[in-house]
Amino acid sequence: MRAVLLIAWKDLRQRLRDRSFFIYGVAAPLALAYVFSLLLGPLARGVPDPPTIGLVDGDRSAVSAGMRSLLGAVQDAGVITWREVEPAAGAPAPAYVSSAATDGLAGDARLEPVLSVYPDPASAIEGEAYRELAARELDAAIVVPVGLLEALGREPATVRVLGTTNTLFGTQLAETLVDSFLARLRAGAWTVAALSERGGVVLAPLVMAQVASAPQPLVLVDRRTSERQLDLVTYMAAGMAVFFVFFIVQMGVAGLLDEERDGTMARLMAAPIGRRAIVGGKVLASVCIGVLSLLVLWGASTLLMGARWGEPVAVLLLIMAVVAAAAGVLMAVAAFARSAEAAGNVQSIVAITLGVLGGTFFPLPEAGGALSLLMRVSPHFWFLRGMADAAGGGVAAALPDVLAILAFAAVAGGLGWAAFGRRLTR
Amino acid sequence: MVSANPASGALLEVKELKRSFGALQAVRGVSFAVRRGETYGLLGPNGAGKTTTISMVAGILRRDGGTVVLDGEPVTTTSVAGRRSIGLVPQDLAIYPDLNARENLTFFGRLYGLGGKDLTRRCAAVLETVGLQDRAGQLVREYSGGMKRRLNIAAGLLHEPKLLILDEPTVGVDPQSRNAILETIERLAGGGLAVLYTTHYMEEAERLCDRIGIVDDGRLVAEGTRAELVRLIGGEDDVRVSATGDLTGAAERVRSVGGVLRVDVVDEGLRLAAEGASGLLTQLVHALDAPGVNVTGIEVREPDLEAVFLGLTGKALRD
């Protein structure tokens, strides 16, 4: 073990001294990841801020309280932010208005959202909402009309959604929420209708208010781990890091062949140490450099690029595993090469192929078939998938990915270890 | 093999070493021994099998057959004890250019189990031996070729081996550095270190080696001291007489001297082939001392190892 540590320490010192570690392990991946993030700038900014939706509550009833409850629940889920807008008259601004009418709620329970163009002279309480939309302080506004509760079951009423062409996403989201809310009222209308047919005494507004303010049925279920995604900056940073770590590790493993080429291997082999110690020292140095470079990239991309690598323990496990895989596969390639130059060429091809297959440059679609199978041969794939899994599910979610990488490392490393052992005892 | 002087009481005993690379038989049953304090040379042209032989002796290369025993310890690719007593100076520069001399020596010393003050002392000692004590902190990549060669030797000496193996240590070195290296080896040998030295330079073998093994085509074709090897081929001395005047008469008188085999008249004077010419000088001078002959010089050239190699293998050493 002493010899292993001695050789590893010597190699580390050489790599730091010839600056190859800094060039390949830190500077190049950071620069490339940064360029990629610039090229993909709009997407790289990740998930946009949730839209802000205003509620103009002209009714102030138990029914409109149900609307508030719904908005609160959705806000808690991080999908929107909402706030009240004071009902007030004001000058209308160009906008489109989506009106979800409560027509016939007390009768046939039909509900047809109607898209109409403002101005709607019937409404005068949304003046402030228009002003805020024009000032881009709101993405959309929901207008609950005065007397909604009283109108339910007797006459059509209209809940309006105001938006602008610049805030289509927020507006559509608001429409969806209003649709959802009105669907609950429709259910209440069915209840009222059914009770009326059976001759019961029904206080329709009371039932509708209870329906509207009932606990929200909205349940946000966490997505499956396999569906989790990294934001683009993190994906690119991690992808570039794992791509380049194969080249970093390659330098260390190829050091075995460099020693042969430069003649120093003869002196190492003449020394009173086991041949495996030579291989072990080289691999240990490679792993140390690989892990160190990934840690540097982790920290640098977090601080400089805003990447979010996720659960630290899971990330550490993934880093250790993928570096071991890199050392294993590159050692296997080097063991069968005739020279350091030949090994370097083949190792580069292998590293690039595995990187592309693993989606380090761009995410590959899981289309099934041969491509999906090939993707799973790449430790890069499992690393990036593990990162995504860890982002949402922590260590436990990433463990299968870690194990997949370690299996790859064991097979490739075992092959390389055996081949190099035979090479050094020829 | 022709052996003029079998070794006895040897530090290193090599018997019937064999190694093939595919169809090529690189070493075909080489045997020799090196005594304590002796410098033994393996002389042969490039490709003769010298490096393969010493690689097996040093435990670097697996052998197909034969044994290597150093001071009672077998030396193999897997034995550690035997290799501990060997210092190897490979033909290639087995040092790291990105480390300085002291870092190189410290690394190799630790591989041999040295440490602490002992390692510091040994580093200083070998740096002084090869004359690099003032450049110990300099990166090796900044060294001249000769300095690198000297450091290469220092690394082999660091752990005070019983046997130092040098594989063509002066290849590609300028004459001044070469001389410095040879002087270093002479000092080490004078200090009692056993040295196994391979070279294809006849002059180096003659200068350094107590005994020489002639290697050709994977075989040790002869071994012995220089004089013994010369005797093996029955070598004639080449005597050149610089003279003017009656050279034909002088040639007749010289031809009558016992031991003189041939006499030719040449432009510069006479050229003789003789056995033991150094012992005939007085008689030759008397034979040449005659009226009409003006002798300005006599030069005796004994057969060299080039001639020995040619005589034993039918090939020139640098073929």
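So, how was this worked out
- Residues numbered from 1 in each chain as written.
- Chains lettered and ligands numbered in written order.
- Predicted model: local features only at pLDDT ≥ 70, side-chain atom pairs only at ≥ 80, totals over all residues.
- Heavy atoms only, no water.
- Helix = DSSP H or I, 4+ residues; strand = E, 2+ residues; numbered from the N terminus.
- Buried < 20%, exposed > 50% of the residue type's maximum accessible area, 1.4 Å probe, protein only.
- Contact = heavy atoms within 4.5 Å.
- Pairing = 2+ DSSP bridges.
- Axes fitted to C-alpha atoms, helices over the stretch in contact; angles between N-to-C directions.
- 1 Å grid on protein atoms, 1.4 Å probe; cavity = no way out; pocket = protein on both sides within 12 Å on 5 of 7 lines; lining within 4 Å.
- Points joined across faces, edges and corners; volume = space filled by probe spheres on them.
- Nonpolar A, V, L, I, M, F, W, Y, C, P; charged D, E, K, R; others polar.
- Buried area = accessible area lost by both parts, 1.4 Å probe.
- Salt bridge = Lys/Arg side-chain N within 4 Å of Asp/Glu carboxyl O.
- Polar contact = N/O pair within 3.5 Å; in protein donor to acceptor, adjacent residues only side chain to side chain.

(A) The overall build of chain A, seen in detail. Looking only at helices and strands, one finds 15 helices and six strands in chain A. Put simply, chain A has 426 residues, and 52% of those count as buried. Sequence separation of at least 24 residues holds for 76% of the intrachain contacts in chain A that already meet a minimum separation of 6.

(B) Highlighting the sheet that holds strand β13 (residues 260-266) of chain B. Residue and element names in this part refer to chain B. Across the sheet, which stays open at both edges, the four strands sit in the order β13-β14-β12-β15 with antiparallel pairing between neighbours. Edge positions in the open sheet fall to β13 and β15 (293-301), since each of these has one partner strand only. Recorded for the sheet is a direction-independent mean angle of 20° between the axes of neighbouring strands. Relative to β15, strand β12 (residues 237-245) runs antiparallel, the two sharing eight bridges. By the bridge assignment for β15, V241 is matched with I298. Along the sheet, helix α9 (residues 247-255) contacts β12, β13, β14 (269-274) and β15; its crossing angle with β13, the most-contacted strand, is approximately 175°.

(C) Quick look at the layout of surface pockets. Considered as a void within the structure, the second largest pocket measures approximately 510 Å³ in volume. What lines the second largest pocket is a set of 21 residues, among which A266(A), R426(A), T51(B), S55(B) and I60(B) lie closest to the centre. Among the secondary structure elements, those contributing two or more residues to the lining of the second largest pocket are α9 (232-262) and α10 (264-270) of chain A together with β2 (10-21) and α1 (50-57) of chain B. A total of four residues in the lining of the second largest pocket trace back to one element, the largest contributor, which is α1(B). Considering only residue class, the lining of the second largest pocket consists of 10 nonpolar, five polar and six charged.

(D) Fine view of the interface of chain B and chain A. Every contact between the two is made by 32 residues of chain B and, on the other side, 24 residues of chain A. Summed over both partners, the interface of chain B with chain A comes to about 2,500 Å²; 59% of that surface belongs to carbon and sulfur atoms. Remark: the boundary between chain B and chain A carries two salt bridges. Salt-bridge contacts for R13(A) lead to E103(B); the nearest nitrogen and oxygen are separated by 3.3 Å. The interface formed by chain B and chain A includes 14 residue pairs in polar contact (both at pLDDT 80 or more).

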